[in-house]
Amino acid sequence: MYSFHIYTCLIFCHFVITGYASSPPDGNLNSALTLEMMKNATSSNNLPTGHTPTTAKPQPAPENCSDQTPGKLKTCQGYNGACQQLGYECLQCDFNCSCVYGQKINVTCRPREAVECKGEKDEWSVEMTCLYCYQTEPWQHTCQGTDQCEAVSSPRETFKSNCTVSSDVLCMGRRTFLKKLPCNWTSGYKWSTALLLSITLGGFGADRFYLGHWQEGIGKLFSFGGLGVWTIIDVILIAIRYIGPADGSLYI
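From a predicted model like this one, the values you see are computed outputs, not experimental measurements. (Residues numbered from 1 in each chain as written. Predicted model: local features only at pLDDT ≥ 70, side-chain atom pairs only at ≥ 80, totals over all residues. Heavy atoms only, no water.)

Our focus in this paragraph is the sheet that holds strand E5 (residues 158-165). Here three strands make up an open sheet; going across it, the order is E4-E5-E6 and the pairing antiparallel. The open sheet has two free edges, formed respectively by strand E4 (141-143) and strand E6 (176-182), since each of these has just one partner strand. On average, adjacent strands in this sheet sit at an angle of 40° to one another, irrespective of strand direction. One ladder, built from seven bridges, connects E5 with E6; its direction is antiparallel. Bridge pairing in E6 links Phe159 to Leu181. (Pairing = 2+ DSSP bridges. Helix = DSSP H or I, 4+ residues; strand = E, 2+ residues; numbered from the N terminus. Axes fitted to C-alpha atoms, helices over the stretch in contact; angles between N-to-C directions.)

Structure, rendered in C-alpha cells:
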C-alpha cells in the first residue's frame, strides 16, 4: 500500500518537472521578445549608404574684388591713347578673390564701357601680385594730410586719411581707402634756425618768439633768459627737438 502511494507521487513529480522545463518562465519569455525586437530595429536602421539622405551645404557667394567706387571714371575722361596703355583705374579686370597673398597671378582686363581709347577694346592678360589695395606699400599710394593734430605730442597722434593707389598699380578692392597715419605735418619751421636763435639770442627770447611761444618769450626777455639758466635749458631742449613749434607741427 505504501509503495503504491510512493510510486504515484514520483509519477506526479515527474510530470510537473517535465512541464516546467518545456515552458520557459514569463521573465525569460519577455527577455526573448525584447531581444528579437531590438534585432529587428537594428536591421531596419542598417540601410545601404546610397539610401542615406545627404544635405549639401550652401556655397557662399563669390566676393566682388573689383573697384565699385562711383566717380572713379573722371580721371579716365579725355584720354586719347591706346587701350592697353590705360591706367589700371580705367580697366575692368576679372580677379581671383581666392588667390594667395603675394602670389604672382594673371588676370584678364578690358577697358571700362565709358572709357574711350584707340584700338579695339579686346581683353588681354595682365600679371599682378595678389593683394588688396589697402595692402599696398606706402610708395604705391598717396594719402591726404591734415593739420588738425599734434605732430610733436608723445605718443604722436594719428588721423584717418583718404589714400588712392597709383595708376600703375593693379590691386583688388577699392582703389581709394581709409588709412590710419601718424600726424606728420609741418608749417615751415626750421630746426636749424631755432637752434641758432637759441644759442645767439636765446637770452632775449628770440627762439621762443620764432617758434610761436610768445608767453615764454616775454618771460625770457624780461628776465634776461632767466639769468642764463633758462637760456641754457632751452638750447638743450631745442637741440634734442623736445621743444617744437607752438602749432604742433614738425620741423623741416
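On E5, burial follows the alternation: Phe159, Ser161, Cys163 and Val165 on one face are buried, whereas Thr158, Lys160, Asn162 and Thr164 on the facing-out side are not. The pairing of E4 with E5 spans three bridges and is classified as antiparallel. Each bridged residue has a counterpart across the sheet, and for His141 the counterpart in E5 is Val165. (Buried < 20%, exposed > 50% of the residue type's maximum accessible area, 1.4 Å probe, protein only.)

What follows covers a nonpolar patch on the surface. Among the surface-exposed residues, Leu201, Phe204, Phe209, Trp214, Ile218, Leu221, Phe222, Phe224 and Leu227 lie close enough to one another that they form a single nonpolar patch of about 1000 Å² accessible area. Elements with a minimum of two residues in the nonpolar patch: helix H5 (214-222) and helix H6 (224-227). Residue contributions to the nonpolar patch peak at four residues, all from H5. Mapped onto the fold, Phe222 is located in helix H5. Relative accessible area serves as the criterion here: at 68%, Phe222 is assigned to the exposed category. (Patch = residues over 30% accessible without salt bridge, like charges linked within 9 Å, V, L, I, M, F, W, Y side chains within 5 Å. Areas by Shrake-Rupley, 256 points an atom, 1.4 Å probe, with all protein chains shown as cover. Salt bridge = Lys/Arg side-chain N within 4 Å of Asp/Glu carboxyl O.)

Per the counting criterion, the structure on display carries six disulfides. Here Cys76 connects covalently by a disulfide to Cys90, the sulfurs 1.9 Å from one another. On the sign convention where negative means left-handed, the S-S torsion of about -100° between Cys76 and Cys90 marks this disulfide as left-handed. Of this pair, Cys76 sits in the loop between helix H2 (26-45) and strand E1 (91-94) while Cys90 is found in the loop between H2 and E1, placing the two residues 14 residues apart along the sequence. Of the two residues examined, Cys76 and Cys90, each falls in the buried class. Linked covalently through their sulfurs, Cys83 and Cys117 form a disulfide whose S-S length is 1.9 Å. (Disulfide = S-S within 2.5 Å.)

Judged by pairing direction, the sheet is antiparallel, and its three strands sit side by side in the order E1-E2-E3 without closing on themselves. Bordering the open sheet on either side are E1 and strand E3 (124-129), each of which pairs with just one other strand. Neighbouring strand axes in the sheet, compared pairwise and without regard to direction, differ in orientation by 45° on average.

This part takes up the packing of helix H3 (residues 191-201) against helix H7 (residues 229-239). Put simply, H3 and H7 touch, their axes get as near as 9 Å, and they point 165° apart. By the criterion of interaxial angle, the relationship of H3 to H7 is roughly antiparallel. As for how H3 packs across H7, the hand of that crossing is left-handed. Between H3, through Trp191, Ala194, Leu195, Ser198 and Ile199, and H7, the contact on the second element is made entirely by Thr231, Asp234, Val235, Ile238 and Ala239. Of the residues that constitute the contact of H3 with H7, the class distribution is seven nonpolar, two polar and one charged. (Parallel < 35°, antiparallel > 145°, perpendicular 65-115°, else oblique. Left-handed = near helix turned anticlockwise from the far one by under 90°. Contact = heavy atoms within 4.5 Å. Nonpolar A, V, L, I, M, F, W, Y, C, P; charged D, E, K, R; others polar.)

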